[in-house]
Protein chains: 4
Amino acid sequence: MTSSTTNNGPTVMPDVQGKVDVRNIAIDRVGVKNVTYPIRLVRPEFAGGGEQSTVATIDMFVGLPANQKGTHMSRFMEVLNSYDQAFRPSDIPAITAKIRERLDAPAATFNASFTYFVKKFAPVTKQPSLMDYRGSFECTVTEAGTDFLMGVQAPATSLCPCSKEISAYGAHNQRCLIEAKVKFEGEMWLEDLVTALERSASMELFAVLKRPDEKYVTERAYENPKFVEDIVRDLAVGLDADKRIHWYTISSTNYESIHSHDAFATLTRSVGSNK
Amino acid sequence: MTSSTTNNGPTVMPDVQGKVDVRNIAIDRVGVKNVTYPIRLVRPEFAGGGEQSTVATIDMFVGLPANQKGTHMSRFMEVLNSYDQAFRPSDIPAITAKIRERLDAPAATFNASFTYFVKKFAPVTKQPSLMDYRGSFECTVTEAGTDFLMGVQAPATSLCPCSKEISAYGAHNQRCLIEAKVKFEGEMWLEDLVTALERSASMELFAVLKRPDEKYVTERAYENPKFVEDIVRDLAVGLDADKRIHWYTISSTNYESIHSHDAFATLTRSVGSNK
Amino acid sequence: MTSSTTNNGPTVMPDVQGKVDVRNIAIDRVGVKNVTYPIRLVRPEFAGGGEQSTVATIDMFVGLPANQKGTHMSRFMEVLNSYDQAFRPSDIPAITAKIRERLDAPAATFNASFTYFVKKFAPVTKQPSLMDYRGSFECTVTEAGTDFLMGVQAPATSLCPCSKEISAYGAHNQRCLIEAKVKFEGEMWLEDLVTALERSASMELFAVLKRPDEKYVTERAYENPKFVEDIVRDLAVGLDADKRIHWYTISSTNYESIHSHDAFATLTRSVGSNK
Amino acid sequence: MTSSTTNNGPTVMPDVQGKVDVRNIAIDRVGVKNVTYPIRLVRPEFAGGGEQSTVATIDMFVGLPANQKGTHMSRFMEVLNSYDQAFRPSDIPAITAKIRERLDAPAATFNASFTYFVKKFAPVTKQPSLMDYRGSFECTVTEAGTDFLMGVQAPATSLCPCSKEISAYGAHNQRCLIEAKVKFEGEMWLEDLVTALERSASMELFAVLKRPDEKYVTERAYENPKFVEDIVRDLAVGLDADKRIHWYTISSTNYESIHSHDAFATLTRSVGSNK
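Residues numbered from 1 in each chain as written. Chains lettered and ligands numbered in written order. Predicted model: local features only at pLDDT ≥ 70, side-chain atom pairs only at ≥ 80, totals over all residues. Heavy atoms only, no water.

Comments concerning the side chain of Ser251(C)
- Mapped onto the elements, Ser251(C) comes out in strand E8 (residues 245-254).
- Ignoring sequence-local partners within four residues, the contact set of Ser251(C) consists of Leu177(C), Ile178(C), Glu179(C), Val232(C), Phe264(C), Ala265(C) and Thr266(C). (Helix = DSSP H or I, 4+ residues; strand = E, 2+ residues; numbered from the N terminus. Contact = heavy atoms within 4.5 Å.)

Next comes the structure, spelled out in structure tokens:
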């Protein structure tokens, strides 16, 4: 340690990360994880318009060439904090490109997941309430261009067709968590994905249900039984029919009410060639 | 099941929860847990003023007398959802009282925890960044009145005095999570608690640190070693000196860098009698 | 830092924790958290006898008098590691007393929670399978004596009485998690608590269910609807009837299949005076 | 629903899952998740021999052809539960093959993760203690053969080279979590991976450290600073030198003591072509 390092001035401090590395090992992704930051989401006109402010958990990475000792972690956070009050989803490609530029990297990735609220109305009484979902965006910028994913996790009801079929009355049902991440062209909203996810379940959820609503959702789920396989297949059919979408990965996790373990199904499809 | 139940109208549906219970067992707390809802927090003038919107995780409970079969879960959610865009901390006593009234209960409790951002400036370069904390409010309303707690969890740096003392160089340090929940009189801000928590650590955290800042926080933590016991005691000394506070429960969890387990200390004190 | 500290010998190292503290603040609990250690559990004869080895998460604390600067964290771990391959529940009072003695403390606490397996047989086909529960022990030793709690968390099925009553067919049901912690006299097994918990649900769970079993559990849950309030009350009735138990705290969390939030009920009772 | 379904006999029940599906969508993976089951691990002779029993979290999946409506979830659990007291890692390929056969599937996957204990001796005082790691196995069986991965997550100490270089004294350090999953030929033990992971850190962890040990690990970490990039690169160098390994994916997550977010690096390499 040299005496110069007792000086607080930034100009004389050694740049340890900037040194040359001789191990000849490139790193796929290096950066910061579990950063918490405000995000401001635009609501589409069909959902009432305006904005909602919520909280994102963010990962930011770059690829690190074999000859560079380290990345500069503080620059990720500087780029993010240059969005003073909150960033918007529409800022993400620019943020990712800026990270790639500031870190002088071949590739940069920016992932954010966040709670997202949609105002829904109970099916019979029309009581309004806010339903919460998890949304996500994943953006990667390389020399070849920008890759962008949008995702939603929606809890829903699944009711077992086998249990219904073999039982004299009743059918086991449970909360499930359905997820889709999509690549798309044109304009697509988180609300569009929420709708697609909820249509694939036995029944969608609401935060407030009065008795006539509870009767409705109970009977509707019973009329609409779905295996975990049916949920992902019906979701796939729905996404296949959406001309904007050219790739997706989807899954459902069913928190079985008759077991202490979960049922799960997943599939990933590139559908660009079909359209 | 009677044929009237095939009618969707609410007036003819039986109120199962409203029946009389004969088991003669009162329930301390019954209600809803892990509700997600927007919260809108006022920033004090000294922190720049304005508001920030974030996301709360909420529990709402009532006491249930021995002779009542069930509470009406949907009413908790109706009261909460009557705050359309978001509720504010100042609404909490009224929400809690309203829950007690709507559920006709001897006691009602409303707990909310949420991410909270404070704009901070790096110690040397003064680079601005947002630092995230977890805040909480707990409110209970009974015939006797209203009880209100405010809490903050702040991550910080702890540096081990023993390791420093016995080692020729270096000292193990780690992230710790310090928490305080307080009962107070008069006006008190989340920022006031954040300041008290951070003063009790070896060093506070920042989201952005440039090299001169990193040098500063490294040296400052080394000059200011603290056992987990020192953190809670120094925090207790700080809270004891605050005339507004008459009760607190505090803890620190240190994610030891030399072990796979954590160090922990906690204490609870009523200080009303001292003031 | 003195030059003596460059010597690795333990005899000359300063005992920083042993110093006198002048802040005059006693600490309720200080120690280690989230320690992972093997535990060896005896199975009762009625469950097949023998032992099962599993993994415990352990917290160990002592009270720290106001005049002592710090506790000696390594001694907690030394006491635990003196049980070479694994400790047994029957060792816990001695471990706790040893911690109190080694740390020269007014009170010591030892908490352990662990996965516990019970071999069960499907209700119709009698297919065997292992069902997993979380068990726990909490022990506190003071001058006044030893306090010992045993706890179990059991997942189960809950089926909503209101949904069943108002719907033409079906009823929403879901996984719930029922918990009891008890103080008792005489001999009591984790299996005894598991039985009490499962009897209070709409239906118990099994790891393997063939179709005739699935029909059985579906119909049985439908015939046996329970609000979260009914679960804790029926559990209370069951525990009240057990002459060994003189205190308990119980709860149920129902992961509602029609909501994204949970229903919850809890009550704590001292029943020693009734027996 | 036919009247035959009120009969409990399995022979007359309809096989809903066995029906033909017309949506023409194959499912990549369907099965059960978060199953808890005992696992019995053989300790190598160099680590004292014998066995340890611990608890695994298990996922089991099959690929589902487009024309099949559903998989038979209970069969996964039957195969697993045919290992009465516990399964062993050496059973995993046979379990996976059996699942593929019982479910008549093109591919089957079996993943298990579990706590694993290694007896270690403090570096100076040689005090023995058990250190806990997370191990994992992932096995996939297709027509083409069997693919097998072994993984370990090891917590360790990382000390920042930049902080050390620029500071007059001290250096920020923290707990990190290093992970490797490898494909290999021949015999390889979890202990071998643990050793490789711990060598790549600034310092390994121990459950018990007396003062001379704490001095040792503090000084050793200070003498051995590592960025998160250095940890994964040094680990890569170590794995590249192991002739048994032909593929790996590795990462390190550093729980920064000066930030509330984490530093992270990861890389994946196929090294079969080099050997």
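Notes on the relation of the copies chain A and chain D
- The two copies are related by a screw operation: chain A maps onto chain D through 180° of rotation and 0.0 Å of translation along the axis, at an RMSD of 0.0 Å. Such values leave the two copies arranged in the relation of a two-fold axis. Within chain A, Thr268(A) has its C-alpha nearest the rotation axis, a separation of 11 Å. (Least-squares fit on C-alpha atoms with pLDDT ≥ 70 in both.)

Some thoughts on the side chain of Gln17(B)
- Note that Gln17(B) resides in the segment before strand E1 (27-42).
- Of the residues examined, Gln17(B) reaches a relative accessible area of 10% and is grouped as buried. (Buried < 20%, exposed > 50% of the residue type's maximum accessible area, 1.4 Å probe, protein only.)

With respect to the packing of aromatic side chains
- This model, assessed by the stated rule, comprises 24 aromatic pairs over all chains.
- Plain terms: the ring middles of Phe264(A) and Phe61(D) are 5.4 Å apart, the flat faces sit at 45° to each other, and that makes the pair tilted. Of the two residues, Phe264(A) is situated in strand E9 (residues 262-270) and Phe61(D) in strand E2 (residues 51-64); the pairing between them involves two chains.
- The interplanar angle of 35° and the centroid separation of 5.4 Å between the aromatic rings of Tyr222(B) and Tyr169(D) together place this pair among those described as tilted. Of this pair, Tyr222(B) sits in helix H5 (residues 211-223) while Tyr169(D) sits in the loop between helix H3 (161-166) and strand E6 (173-184), placing the two residues on different chains.
- Look at Tyr222(B) and you get buried, because its relative accessible area is 9%.
- Here the aromatic cluster, defined as three or more aromatic residues joined through ring pairs, consists of Tyr37(A), Phe87(A) and Phe110(A).
- Directly above the ring of Tyr222(C) sits Lys164(C), whose terminal nitrogen or CZ lies 4.6 Å from the centroid. (Phe/Tyr/Trp six-rings, centres within 6.5 Å; stacked < 30°, edge-to-face > 60°. Lys NZ or Arg CZ within 6 Å of the ring centre and 35° of its normal.)

As for the interface of chain A and chain D
- The interface of chain A with chain D comprises 57 residues on the first partner and 58 residues on the second.
- Interface of chain A and chain D: buried area, both sides summed, is about 4,700 Å²; carbon and sulfur atoms make up 59% of it.
- Summed over the shared surface of chain A and chain D, the result is 8 salt bridges.
- The residue Asp230(D) makes a salt bridge to Arg23(A) at a minimum N-O spacing of 2.6 Å.
- In this assembly, chain A and chain D are joined by 32 residue pairs in polar contact (both at pLDDT 80 or more).
- If you list the elements that add at least two residues to the side of chain A that touches chain D, you get strand E1 (27-42), strand E2 (51-64), helix H1 (73-81), helix H3 (161-166), helix H6 (228-240) and E9 of chain A.
- By residue number, the principal contributor to the side of chain A that touches chain D is E1(A), which donates 9 residues.
- Taken together, the residues of the side of chain A that touches chain D sort by class into 30 nonpolar, 13 polar and 14 charged.
- Here E9(A) pairs with strand E1 (residues 27-42) of chain D via 5 bridges, running antiparallel. By the bridge assignment, Phe264(A) is partnered in E1(D) with Gly31(D). (Buried area = accessible area lost by both parts, 1.4 Å probe. Salt bridge = Lys/Arg side-chain N within 4 Å of Asp/Glu carboxyl O. Polar contact = N/O pair within 3.5 Å; in protein donor to acceptor, adjacent residues only side chain to side chain. Nonpolar A, V, L, I, M, F, W, Y, C, P; charged D, E, K, R; others polar. Pairing = 2+ DSSP bridges.)

So, the layout of surface pockets
Residue and element names in this part refer to chain C.
- By volume, the largest pocket amounts to about 1,000 Å³.
- What lines the largest pocket is a set of 50 residues, among which Arg 43, Gln 52, Phe 117, Val 118 and Lys 119 lie closest to the centre.
- When residues in the lining of the largest pocket are grouped by element, the largest group, 6 residues, is from helix H4 (residues 190-199).
- For the lining of the largest pocket, the per-class residue count stands at 21 nonpolar, 13 polar and 16 charged. (1 Å grid on protein atoms, 1.4 Å probe; cavity = no way out; pocket = protein on both sides within 12 Å on 5 of 7 lines; lining within 4 Å. Points joined across faces, edges and corners; volume = space filled by probe spheres on them.)

Some words on the pairing of E2(D)
Residues and elements named next belong to chain D.
- In terms of burial, E2 is largely enclosed, as 12 of its 14 residues are buried.
- Pairing of E1 with E2, which is carried by 12 bridges, proceeds in the antiparallel orientation. Directly across from Val 35, in E2, lies its bridge partner Ile 58.
- With 7 bridges connecting them, E2 and strand E3 (residues 107-121) associate as antiparallel partners. Residue pairing across strands places Thr 57 opposite Ser 113, the latter belonging to E3.

Notes on the confidence of the model for chain A
Residue and element names in this part refer to chain A.
- The share of residues in chain A with pLDDT of 70 or more is 94%, and the mean pLDDT across the chain is 93.
- This model gives residues 1-11 a pLDDT under 50, and the stretch forms 21 contacts once residues within four places in sequence are excluded.
- Interface scoring of the predicted complex returns ipTM 0.92; its pTM is 0.94. (pLDDT = per-residue confidence, 0-100.)

Brief notes about the interface of chain A and chain C
- Taken together, the contact between chain A and chain C spans 38 residues of the former and 38 residues of the latter.
- Considering only the side of chain A, the residues that lose the most area to chain C are Tyr169(A), Arg175(A) and Ser260(A), jointly responsible for 21% of the buried surface there.
- Across the salt bridge formed by Arg175(A) and Asp262(C), the nearest N and O atoms sit 2.8 Å from each other.
- Across the chain A-chain C interface, the total number found is 29 residue pairs in polar contact (both at pLDDT 80 or more).
- Those elements giving two or more residues to the side of chain A that touches chain C turn out to be strand E4 (128-142), strand E5 (145-159), H3, strand E6 (173-184) and helix H5 (211-223) of chain A.
- With 8 residues, the single largest contributor to the side of chain A that touches chain C is H5(A).
- Among the residues forming the side of chain A that touches chain C, the class breakdown is 17 nonpolar, 12 polar and 9 charged.

A word on helix H4 (residues 190-199) of chain D
- Burial analysis of H4(D) places 7 of its 10 residues in the buried class, the great majority of the element.
- Regarding H4(D), the residues found buried are Leu190(D), Glu191(D), Asp192(D), Leu193(D), Val194(D), Leu197(D) and Glu198(D).

Thoughts on the packing of helix H1 (residues 73-81) of chain D against helix H2 (residues 92-102) of chain D
Residues and elements named next belong to chain D.
- Across the interface, H1 lies against H2 with an axial gap of 10 Å and an inter-helix angle of 145°. Regarding H1 and H2, the two cross each other, and that crossing is right-handed. Facing Arg 75, Phe 76, Glu 78 and Val 79 of H1, the residues of H2 in contact are Ile 95, Lys 98, Ile 99 and Arg 102.
- Here the contact of H1 with H2 is built from residues that sort into 4 nonpolar, no polar and 4 charged. (Axes fitted to C-alpha atoms, helices over the stretch in contact; angles between N-to-C directions. Left-handed = near helix turned anticlockwise from the far one by under 90°.)

Digging into the pairing of strand E6 (residues 173-184) of chain B
All names here are of chain B.
- E6 sits mainly inside the fold: 9 of its 12 residues count as buried.
- Two elements, strand E5 (residues 145-159) and E6, share 10 bridges in a ladder whose sense is antiparallel. What sits directly across from Val 152, in E6, is Ala 180.
- Strand direction decides the pairing type here: E6 and strand E8 (residues 245-254), joined by 9 bridges, are antiparallel. Paired with Ile 178 across the bridge in E8 is Ser 252.

Observations concerning the pattern of salt bridges
- In this structure the tally under the stated criterion is 84 salt bridges over all chains.
- Linking Asp230(D) and Lys69(A) is a salt bridge whose minimum nitrogen-to-oxygen distance equals 3.0 Å. Residue Asp230(D) is found in helix H6 (residues 228-240), and its partner Lys69(A) is found in the loop between E2 and H1; the two belong to separate chains. An identical accessibility class is assigned to Asp230(D) and Lys69(A); each is buried.
- Ionic pairing is found between Lys119(B) and Asp84(A), a salt bridge with its closest N-O pair at 3.1 Å.

What about the environment of Gly18(D)?
All names here are of chain D.
- Structurally, Gly 18 is set in the segment before E1.
- Accessibility expressed as a relative area gives 43% for Gly 18, which makes it partly exposed.
- A sequence separation of 50 residues divides Gly 18 from Gln 68, and the C-alpha atoms of the two residues are 6.6 Å apart.

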